[in-house]
Amino acid sequence: MMKTISKLICVLLCVFATTPAFAQFNLKKAVGGAAKAVQAATLTDEQMTAYVKEYIDWMDTHNKVCEPDHPYTQRLNRLTEGLTDVEGIPLNFKVYWVVDVNAFACADGSVRVFAALMDIMSDEELLGVIGHEIGHVAHKDSKKAFRTALLTSALKDGISANGGTIAALTDSQIGDLGEALANAKYSQKQENQADDYGYEFLKKSGKNPWAMALSFKRLKEIQGEGKQSKINQLFSSHPDLDKRIQRMEKRATDEGITPPEVKAEEKK
């Protein structure tokens, strides 16, 4: 369902033209600035953590974040109530007021859901997306993807060490980093592990784990509607979607868990 909305990442989607009031997701910064960072071979966890923070701070600054009293924010807060941390990493949630259909989670526990995605998914379907993305964070897939993208894109041009202190990424490096994250791929094993973790995470948090299967079903519907080209790479590249739906459905059924009822206003 989403690799997503983790590879940590921030993945690009094509624009849905049906909600012109939304802005388009702002990923690429303007080109400019001197190349600077630590030496790739000696990049520490602490230094990478600093880059993750810089990345998500930039994303939050350059994409419109819905205010705390906005209906989108209130809905997301209601859905994620009780989802406080994953493997000791504090979670924080925000909604981007953008036209793209996407969501992503970063290694620092930042989860970002796009307003256009909320418009086409029910509460349970959204929870499934979030659960899966959190699974990638828990298994450090998002962290590994970010490190790989950082060392192969954002820092590839000019890298220097300066007393062990890192310097800020340039605008063009941030852009390259975002594109590398958007093109990152998870293995089928990683995807299945994220599914399983998301299932358990939601169940332990008092949410209905049927959300996992329902989110995958919704993605399959979107693909069947001929909108696959408008779905983030995070979603459309997931392999064996039917098998993943069956796995999650079987697990919930075997555990005797009843599927949630979809409220009238959530039906598409």
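In this text, all values refer to a predicted model and were calculated from it rather than measured experimentally.

**Observations regarding the packing of aromatic side chains**
Here comes step 1: This structure, assessed with the given rule, holds 6 aromatic pairs.
Here comes step 2: Three or more aromatic residues joined by ring pairs form one cluster here, namely Y96, F104 and F114.
Here comes step 3: In this arrangement the basic side chain of R244 is found over the ring face of F216, its NZ or CZ atom lying 4.8 Å from the centre.

**Some words on the pattern of salt bridges**
Here comes step 1: Scanning the entire structure with this criterion turns up 20 salt bridges.
Here comes step 2: Among the ionic contacts, a cluster of salt bridges with common partners joins D196, E200, K203, R247, R251 and E255.

**Thoughts on helix 10 (residues 241-254)**
Here comes step 1: With 14 residues, helix 10 extends 20 Å from end C-alpha to end C-alpha; this agrees with the ideal 20 Å at 1.5 Å per step.
Here comes step 2: Buried residues of helix 10: L241, R244, I245, M248 and A252, and no others. Burial along helix 10 is one-sided: seen end-on, the buried residues are contained in an arc of 105°. Away from its buried face by more than 90 degrees, helix 10 exposes K243, Q246, K250 and D254.
Here comes step 3: Just downstream of helix 10 lies G256, where phi reads positive at about 70°.

**Examining the nonpolar core**
Here comes step 1: V86, L91, V113, L117, I134 and F201 are the most contacted members of the largest nonpolar core, which totals 43 residues.
Here comes step 2: With sequence-adjacent residues up to four places away left out, L91 is seen in contact with L83, T84, D85, V86, G109, V111, I134 and F201.
Here comes step 3: Ranked by size, the runner-up nonpolar core spans 20 residues in total, among them L43, Y55, C106 and L181.

**A few points about the packing of helix 7 (residues 188-204) against helix 10**
Two quantities define a packed helix pair, namely the angle between the helix axes and the distance between the axes.
Here comes step 1: For the pair helix 7 and helix 10, the least separation of the axes is 11 Å and the interaxial angle reads 30°. Relative to helix 10, the element helix 7 lies roughly parallel. In the crossing of helix 7 with helix 10, the sense of the turn from one axis to the other is right-handed. Along the contact surface, helix 7 presents E191, N192, D195, D196, Y199 and E200, while helix 10 presents R244, R247, M248, R251 and A252.

**Topic: the packing of helix 4 (residues 123-138) against helix 7**
Here comes step 1: At a minimum axis distance of 7 Å, the contact between helix 4 and helix 7 shows a crossing angle of 115°. Once helix 4 is placed against helix 7, the crossing between them reads as right-handed. Across the interface between the two elements, L127, G128, G131, H132, I134, G135, H136 and A138 from helix 4 touch Q190, E191, A194, D195, Y197, G198, F201 and L202 from helix 7.
Here comes step 2: Its residues assigned to classes, the contact of helix 4 with helix 7 shows 7 nonpolar, 7 polar and 2 charged.

What counts and how
- Residues numbered from 1 in each chain as written.
- Predicted model: local features only at pLDDT ≥ 70, side-chain atom pairs only at ≥ 80, totals over all residues.
- Heavy atoms only, no water.
- Phe/Tyr/Trp six-rings, centres within 6.5 Å; stacked < 30°, edge-to-face > 60°.
- Lys NZ or Arg CZ within 6 Å of the ring centre and 35° of its normal.
- Salt bridge = Lys/Arg side-chain N within 4 Å of Asp/Glu carboxyl O.
- Helix = DSSP H or I, 4+ residues; strand = E, 2+ residues; numbered from the N terminus.
- Expected span 1.5 Å × (residues − 1).
- Buried < 20%, exposed > 50% of the residue type's maximum accessible area, 1.4 Å probe, protein only.
- Arc of directions from axis to C-beta.
- Core = buried A, V, L, I, M, F, W, Y, C linked by side-chain atoms within 4.5 Å.
- Contact = heavy atoms within 4.5 Å.
- Axes fitted to C-alpha atoms, helices over the stretch in contact; angles between N-to-C directions.
- Parallel < 35°, antiparallel > 145°, perpendicular 65-115°, else oblique.
- Left-handed = near helix turned anticlockwise from the far one by under 90°.
- Nonpolar A, V, L, I, M, F, W, Y, C, P; charged D, E, K, R; others polar.

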